[in-house]
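# Structural overview
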Amino acid sequence: LAAPSLFGQDPTQCTGSKTSDGLTFEANGGTGVFSGTVSNACGPLTSAAPSVPWITITSQSTLTIQFSVAPNATQASRSGSVTATFGDYPAGPVSFIFTLTQFASLGFTTSSLPVGVVGLPYSTQLQVAGGSNSSRSFSIISGSLPAGLSLTAQTISGTPTTSGTASFTVQVTDLDPTSGNPF
C-alpha cells in the first residue's frame, strides 16, 4: 500500500485551467481580470506577480486576479504577463502564466502630402503607426479631397482635375483582434 500524501491527495494532481488569457488593451490602458480554476491540491494562491511595472495587481483570490494596465507612452506595442503561484503545493510552487498585449497609440506618421499637378497621375500612401494592425480602416471625416482624387484603403490616388488647395481630415481606426471592437 502506498502511504497517503500530506494533503490526502496525490501531489501530482495540482491542475488548473485558465478561463481568460491573451487579453489585449488599447494604448490608454484599462482594467482586466485573469481567471481560471485549480484543483484543491494546489493549495491557496500565494502570489500574483506582474512581469512588468505597468501592470498593477489590484486584488487576488483563488485564481481570479484583477489588475490595471497603465497607459502606453511608447511608440510600440508591448507584452506583459502575470504569474499566479500556489506555494503550498507539496511538490513546490506551481505557476500559471497569463499573457496580455497592449497596443501603442494609433496615429499618422505622414506629416505632409506631396503636391499634385493637374492632369498628371497622383498617388501617395498615408503612413500609420501603432494599434493592432489587425484591420485598419481609413475615412475622410471632414472636408473633401481635390476633384479627381479618392481615398482607397490608405492610398490617396487619381488624377487632379482642378488647381487649388483642399482641406480635409482623414481618420484611421483599427480593430482589437480579441474583441473586434474599433479603437
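Preceding this section is the structure that the text describes.
Residues numbered from 1 in each chain as written. Predicted model: local features only at pLDDT ≥ 70, side-chain atom pairs only at ≥ 80, totals over all residues. Heavy atoms only, no water.

### Section: the overall build of the protein
For clarity, the threshold we go by: Secondary structure elements follow DSSP: runs of H or I no shorter than four residues count as helices, runs of E no shorter than two count as strands, and numbering proceeds from the N terminus. For every residue, the accessible area obtained with a 1.4 Å probe (protein chains only) is divided by the maximum for its type, and the residue is called buried under 20%, exposed over 50%, and partly exposed between those limits. Contact criterion: two residues are considered in contact whenever any of their non-hydrogen atoms come within 4.5 Å of each other. Where accessible areas are quoted, they stem from the Shrake-Rupley method and a 1.4 Å probe; at the residue level, only the protein chains shown are allowed to cover.
Helix and strand content of the protein: zero helices and 15 strands. In the protein, buried positions account for 31% of the 183 residues. Contacts in the protein between residues at least 24 apart in sequence constitute 62% of all its contacts with a sequence separation of at least 6. Carbon and sulfur atoms make up 53% of the accessible area of the protein, which totals about 10,100 Å².

### Describing the sheet that holds strand β4 (residues 47–50)
Spelled out, the test is: The pairing criterion for strands is at least two bridges between them, as found by DSSP. Inter-axis angles, ranging from 0 to 180 degrees, are taken between N-to-C directions of lines fitted to C-alpha atoms, where helices are fitted over the stretch in contact.
What the four strands build is an open sheet, ordered β2-β8-β7-β4; its pairing is mixed. With one partner strand each, in any of the chains shown, β2 (23–25) and β4 form the two edges of the open sheet. On average, each strand axis in the sheet is tilted by 25° relative to the strand beside it, whichever way the strands run. Note: β4 against strand β7 (residues 78–86), four bridges, orientation antiparallel. Residue P50 lies in a different strand from β7, and its bridge partner there is V82.

### A few points about the layout of surface pockets
The condition is simple: Each cavity reported here is a set of points on a 1 Å grid over the protein atoms alone in which a 1.4 Å probe fits but cannot get out, each pocket an open set with protein on both sides within 12 Å along at least five of seven lines, and each lining residue one with an atom within 4 Å of a point. Grid points are joined across faces, edges and corners, and a volume is the space filled by probe spheres set on the points. Three classes are used: nonpolar for Ala, Val, Leu, Ile, Met, Phe, Trp, Tyr, Cys and Pro, charged for Asp, Glu, Lys and Arg, and polar for all others, with Gly counted as polar.
The volume enclosed by the largest pocket comes to roughly 320 Å³. Looking at the largest pocket, it is lined by 18 residues, and the ones nearest its centre are P114, G116, P146, L149 and G164. Each residue belonging to the lining of the largest pocket can be placed in one class, and the counts come to 13 nonpolar, five polar and no charged.

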